[in-house]
Amino acid sequence: MKPTFIQKPILLIAVVCFSGLSSNLFGTESQSVESWLQEIQSADDNVRLQARKKATQFGAKAVAPLGKLLNNGNLNIAVTARASLEIIVHHAGRPGGGEERGDVCQALRTLLESDPHLNTQREGLFLLSCIAGDKSVALISSRLGHSDRHVREAARTALETIPGSASIQALIQALDKAEAKTKPAFLYSLTKKNHPKATQALLRYAKVGNADGLRLHALECLARKGEVQSIGLFESAIKAPGNMGLERLWSEYLRLADLIAESVDQQRAISLYKNAFANAPLAHQREHALHGATKKDGLAQLGLIVQATGDAGKRVRRKANRLLAKLEGPEVVQALRKAFATRPVEERPGLLLVLASKDPEGSQALIRAASQAQDSALKIAALSALGKLNDPNLKDVYAQLSKTGPTVIRPVAIEGLLSIAKGKLEQNQTTETYQICQQILSSEQASTSQHSRALSLALATSSPESLKLASHYLSDPNLGIEAARGGISVAKKIGKKPDQQAIAKEILEKIMNGKFPSTIVLEAVSGLKDLGFDPLEKLKKQGFILEWMSTTPILHTGPEDASKDHFPVPLYLAKKDFGYDKVHRIGARRIRWRELKQLTSDGKLDLLKLFRRTQNVLIYAYKEIEVDKDQKALFKIGSDDGAACWLNGKKVYNKMVPRGYVLDQDTVQVDLKKGKNRILFKIFQGVVGWEFSFRVTDTTGKGLDLSQQ
């Protein structure tokens, strides 16, 4: 019995050992997945990163548990799970993925069917679309009716991505069943499918009525595919656009032409471009058409380029002229001559101008003959080529053609008017000169350069009317500088007459206070002084002190140092001789006095423009003002940075702090005594801005008139 007793434990131990061994042998993978999932959920970023890299070891078996983690409340874990799933999916979809790909697809389908969470549905549909085939289409299609719009959109884009006829058929069925507002999205998805079935569905919708704009969407999709079969549909839609919008139809038509030119048939594309050039309503569309038609061979489309030189759109004409400038050789001149002889009469003036530029000597006989033509547009084109536009007898003809003539001739007619105006000015016929220039300035056909020359000629008449004209154009972005310069010149001339001084002063002040270059502003100031006016009079009447004597900059180490008094102020101000011409010393520093004044339109003095040293410095500024009686007054101070002020030797204001400038930042009530009052003002500067304003008002805030001081 004893041996039997001993054998049982041995057998039990063997069973236990085998059980553990079998657990290790057959449960390794399961245990590894669990362990790996723990790493995916680690709080350590590096652990999660390393775990993510091992995702391909677990394949389809990891899809379900990772899918649950997509909805984890910890965003880091959810993101890591999403990235791990993507790695598994892309690894399964590699070339040669074979059975693994099918297993992962099945696992994703199971996940989508078992887990209703919105995030799982959205992400699962996307991931499935990366590797799925026909087997997954039914499941994905079922999600097109989901209550969540993001899930529905994920299903549509999944079908858009999945290859094969099943996904195309599913999209077509969904398109036919969808509400009107969602049909365009399905049309767009079919655009991504390079298959006859998809094209036929798009063509079907492009043929039907335009309810809810579907026809236009279908045409747009066909244009994006470069579908030749849609040309006729486009052209019939353009003839009767309904509520589709003609401009958008032409834009899509040009898109279609571009794609056909790249991939199918250049000649067919050129015919589309020519059609668009002849009929598209917008200048940029016609320019696009001209570029497309001439991209491969400009010389072959010379007739179209010549025709474009007379287009109503400036950008089209510029494009045509650039193309013509690039074309060289006798065949170009020959083609132009042939076009001149055969093209309609209204196109000949433009052709003649091009011929004159391409072959000035060889076309002389043709130009001279055209200068005697009965057709006024052709005659003017010839006169322009001959440089004989200055015939005053043609003034009315020019005026008429500048409004109603062929587009290419209108700027030539305006050149004729400018030539006549110049001749009239040379003959001192200022009234006629001014009238012609006004006519040009009011023309929308004139270029900016022509407007500028017309304004210059009008101002050269130096009449009161021309000064009003200059004032009108001061704010014009293109003519403002010309108007300011001419206005200053005219104001200086006529402002000396007593009856013209007011209008001359008005425009000079307007220029002085406007946004013009400093040289022009200084000219306006000079003009005001020449006429006996103080350019700062208006601000001085508002109480601004704009002219001071100031020290040169004094260095400081900060606000505390700047707050110190650098002069024995009361004694210094009490001196009868203030000593402006003397050099003062503050320690080892030599300080001089100088005039401080600046042209300003708002009373603010910008010290950065007046001194070379402009960081960690301060200045003292001194001014005497005189009043006719003892009175209470207000000092209104704005400064960047802080400031201090003494009145008649007594400190009345002190705010030496870093700050930005604001007009009338601080108000101080003071007592002015009859006669002279001495004001010493200190302003310190740290870095960046350095500016101040100082004005004196009565107790109601009305400025004391300092214009005579």
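Throughout, a residue's number is its position along its own chain's written sequence, starting from 1. Note on the predicted model: pLDDT of at least 70 is required for a residue's local features to be given, and 80 or more for side-chain atom pairs to be given and counted; whole-chain, interface and lining totals, by contrast, use all residues. Derived side-chain values reflect all non-hydrogen atoms in the structure, with water molecules and hydrogen atoms excluded from consideration.

> Mind showing me how you'd approach the overall build of the protein here?
Per the convention used, a helix needs a DSSP run of H or I reaching at least four residues, while a strand needs a run of E reaching at least two, with both numbered from the N terminus. On a plain count of helices and strands, the protein comes out with 34 helices and 13 strands. Values of the radius of gyration come from C-alpha atoms, whereas the globule rule sets the reference at 2.2 Å times the count of residues to the power 0.38. Computed over the C-alpha atoms, the radius of gyration of the protein is 43 Å, more than 25% above the 27 Å expected from 2.2 N^0.38 for a compact globule of 709 residues. Along the longest, intermediate and shortest principal axes, the C-alpha atoms of the protein span 140 × 95 × 45 Å. In the protein, buried positions account for 47% of the 709 residues. Here, residues are in contact when the closest pair of their heavy atoms is within 4.5 Å. The contacts in the protein between residues at least 6 apart in sequence include a share of 65% that link residues at least 24 apart. In the structure as shown, the protein presents an accessible area of about 36000 Å², 51% of it carried by carbon and sulfur atoms. Here the term buried applies to any residue with accessible area under 20% of the maximum for its type, exposed to any over 50%, and partly exposed to those in between, with areas from a 1.4 Å probe on protein chains only. The accessible surface values rely on the Shrake-Rupley method and a 1.4 Å probe; as for residues, cover is taken only from the protein chains in view.

> Sorry if this is basic, but what is going on with a positive patch on the surface here?
In this scheme, patches are assembled from residues that exceed 30% relative accessible area and form no salt bridge. Like charges are connected within 9 Å, while nonpolar side chains (Val, Leu, Ile, Met, Phe, Trp, Tyr) are connected within 5 Å. The term salt bridge refers to a side-chain nitrogen of Lys or Arg lying within 4 Å of a carboxyl oxygen of Asp or Glu. Charge assignment in this entry is limited to Lys and Arg as positive and Asp and Glu as negative, and neither His nor the chain termini are counted. Note that the charge is assigned to NZ on lysines, CZ on arginines, CG on aspartates and CD on glutamates. A surface patch of positive charge is lined by Lys 314, Arg 318, Arg 322 and Lys 326. Looking at where Lys 314 falls in the secondary structure, it is placed in helix α19 (residues 314-326).

> Could you clarify how one ought to interpret the packing of aromatic side chains in this entry?
The geometry of an aromatic ring pair is captured by two quantities: the separation of the ring centres and the angle between the planes. For Phe, Tyr and Trp, rings pair up if their centres lie within 6.5 Å, where Trp contributes its six-membered ring, and each pair is then called stacked (planes under 30 degrees apart), edge-to-face (over 60) or tilted (otherwise). Tallying each qualifying case throughout the model produces eleven aromatic pairs. Here the aromatic rings of Trp 36 and Phe 58 are separated by 4.6 Å at their centres, their planes lie at 25°, and the arrangement is stacked. Separated by 22 residues along the polypeptide, Trp 36 in helix α2 (residues 28-40) and Phe 58 in the loop between α3 (45-53) and α4 (63-69) bring together distant segments of the chain. The same class applies to Trp 36 and to Phe 58, which are both buried. Grouping aromatic residues by their ring pairs yields a cluster made of Trp 548, Phe 635, Phe 681, Phe 692 and Phe 694. Note on geometry: a ring has a charge over it if NZ (lysine) or CZ (arginine) is within 6 Å of the ring centre and within 35 degrees of the ring normal. Note that Arg 348 overlies the ring of Phe 340, its terminal NZ or CZ placed 6.0 Å from the centroid. Over the ring of Phe 544 we find Arg 695; its NZ or CZ atom is 5.6 Å from the centre of that ring.

> Is there a simple way to explain the nonpolar core in this structure?
Grouped burial of nonpolar side chains is what soluble globular proteins tend to show. What is meant by a nonpolar core is a set of buried Ala, Val, Leu, Ile, Met, Phe, Trp, Tyr and Cys residues, joined one to another through side-chain atoms within 4.5 Å. Membership of the largest hydrophobic core comes to 162 residues, with the highest contact counts inside it found for Trp 36, Leu 66, Leu 190, Leu 290, Tyr 398 and Ile 511. What Leu 190 contacts, discounting residues up to four positions off in sequence, is Ile 168, Leu 171, Ile 172, Leu 175, Ala 198, Ala 201, Leu 202 and Lys 225. Residues Leu 536, Leu 607, Ile 625 and Leu 706 belong to the second largest nonpolar core, which totals 35 residues.

> Please explain the environment of Gly 164 as it appears in this structure.
Here Gly 164 shows up in the loop between α9 (149-161) and α10 (165-177). With a relative accessible area of 35%, Gly 164 lands in the partly exposed category. Each C-alpha atom of the pair Gly 164 and Arg 485 lies 73 Å from the other, and the pair is 321 residues apart in sequence.

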